[in-house]
Amino acid sequence: MRIECWLLSATLVAVSAQAQMQSSPYADLRVEHDSNVFDFENAAEALLVGGSSHRADTRERAVAGLDWRYTLGDAQFSGQAEGRRVNYRRFDQLDRNEYRWSSGIAWSPRPSLEGLVDVSSERRLASVADRNTTEPFIERERSGQATLRTRPGSRWQLEAQIGDRRLYSPLPLLPDFALDERSADANVRHLLVGGSSLGFFTQAIDGDFKGTDGRDSFRQYAGEVEGRYGDRGPTRVTVRLGRSIRIPDARDIDDLEAFTGSISLQRDFSPLTSIELSAYRRLESYTAGADALLSRGMRVSLDWQRQQLGLSLGGQWSWASFQAQSVDSMDGREDRIRNVFLHGRYRVLRYLSLEPFYEYRRRISNTAFQDYSGSILGIELSAHFGAGAANTTGH
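Residues numbered from 1 in each chain as written. Predicted model: local features only at pLDDT ≥ 70, side-chain atom pairs only at ≥ 80, totals over all residues. Heavy atoms only, no water.

Trainee: Lay out helix 2 (residues 43-50) with the relevant residues and their values.
Mentor: A distance of 3.2 Å separates the backbone nitrogen of alanine 44 from a side-chain oxygen at the start of helix 2, and that oxygen is part of asparagine 42. Note on helix 2: the residue one or two positions beyond its end, glycine 51, has a positive phi of about 80°. (Polar contact = N/O pair within 3.5 Å; in protein donor to acceptor, adjacent residues only side chain to side chain. Helix = DSSP H or I, 4+ residues; strand = E, 2+ residues; numbered from the N terminus.)

Trainee: Please give an account of the confidence of the model for the chain that cites residues and values.
Mentor: Mean pLDDT for the chain: 89, with 90% of residues reaching 70 or above. The low-confidence segment residues 390-395, where pLDDT is below 50, has 25 contacts with residues more than four positions distant or belonging to other chains. (pLDDT = per-residue confidence, 0-100. Contact = heavy atoms within 4.5 Å.)

Trainee: Describe in detail unusual backbone geometry, supporting the description with residues and values.
Mentor: Within the chain, asparagine 132 stands out as a residue other than glycine whose phi angle is a positive 55°. Residue asparagine 132 is classed as partly exposed on the basis of its relative accessible area, which comes to 45%. Residues other than glycine seldom take positive phi values, yet glutamine 307 does so here, at roughly 50°. Looking at the secondary structure, you find glutamine 307 in the loop between strand 14 (291-306) and strand 15 (309-323). (Buried < 20%, exposed > 50% of the residue type's maximum accessible area, 1.4 Å probe, protein only.)

Trainee: Could you give an account of the side chain of arginine 240, naming the residues involved and the relevant values?
Mentor: Structurally, the position occupied by arginine 240 is in strand 11 (residues 235-248). Within polar-contact distance, the side chain of arginine 240 engages the side chain of glutamate 226 at 3.0 Å. When residues no more than four places from it in sequence are discounted, the contact partners of arginine 240 are Asn187, Phe201, Glu224, Val225, Glu226, Thr260, Gly261 and Ser262.

Trainee: Now, about the pattern of salt bridges: what can you tell me, with residues and values included?
Mentor: Pairs can form between side chains of opposite charge once their charged atoms are near each other. In the structure shown here, the tally under the stated rule is 33 salt bridges. Here glutamate 122 ties to arginine 124 by a salt bridge, and the two come within 2.9 Å at their closest N and O atoms. Assigned by exposure class, glutamate 122 and arginine 124 land together as buried. Of the charged contacts, one joins aspartate 208 and arginine 182 as a salt bridge, the two residues approaching to 2.5 Å between their closest N and O atoms. With aspartate 208 in strand 9 (residues 197-210) and arginine 182 in strand 8 (residues 178-191), this pair connects stretches of sequence that are 26 residues apart. (Salt bridge = Lys/Arg side-chain N within 4 Å of Asp/Glu carboxyl O.)

Written as structure tokens, this is what we have:
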């Protein structure tokens, strides 16, 4: 907390020097219609849980925020502050205020050494997909990380990072549910010609699920080989392959070990058109209950931009296997999730853009009352000023 206060105070001092600061205020207004606000399986479940068969609603979201950046000698201060207001036409119990702020310092006393410290805090609506209720649950997340990068030679790069994350995410039967994670990462990379590199990544996580029976602590370790190709070319590829193991503190629960990794491919066909493909396999925490997930997924997106017009379309497919890693486990549950999106963009003015969008989601599960499908159709008006006016992509 002392580090957070010091960083925020230092950033506010930097912000006060208006003549030397780069700032980008912005505002967004979004109106969207969601065909299944609470992700119910059907109208019968909606009637059983919420007392009404209605599942669709229209909501408006207004956002106002500020990005800033300030350089003082070898140090650069940066930050963001954002407030959001969300209103519903029918389900007004979901009306709420949200916020997010972040602050950071980057310090580089010489080209071969760089240090970074970042903190952030956010208040938002928790996911409704697994809570089986029409009542709102507000979650809060705080995180901070410190990173040190150095280049001991022209071909080597070393990076070390420590992080701390606290997620308060109340559940209907666990009002004090929270997840604490403390992590330490290390990355060694050998730089090759043309922006390519080979490296090794390690991570250790010490985690605790709070608000349960006190037996849901765990440790997780990962080691992966990393390869990168063409960082500065039209084709960019990153591959990570390795193993991860999750060790629960409860002696009556088995360790979970799995092959993990990721691959991403970005290709610029022209200055106007690009494609991105990615896939992953990882161990992670399930934040609507004290469980572990073995998740796999893939994503594809195609982007086109021409002067004032832009278009993005794609989809994401994921599979989640719940593992026996807690006392009240959902072991054996399998979910398949599909998301498809289509986003348009029209830059009305240099600082003003109009963005219509459509999104479809569907989940199929082997557990009762966990299937759902829904779609969102909406439009967003975004205004960005200052240094951010040239890239009005929304927040």
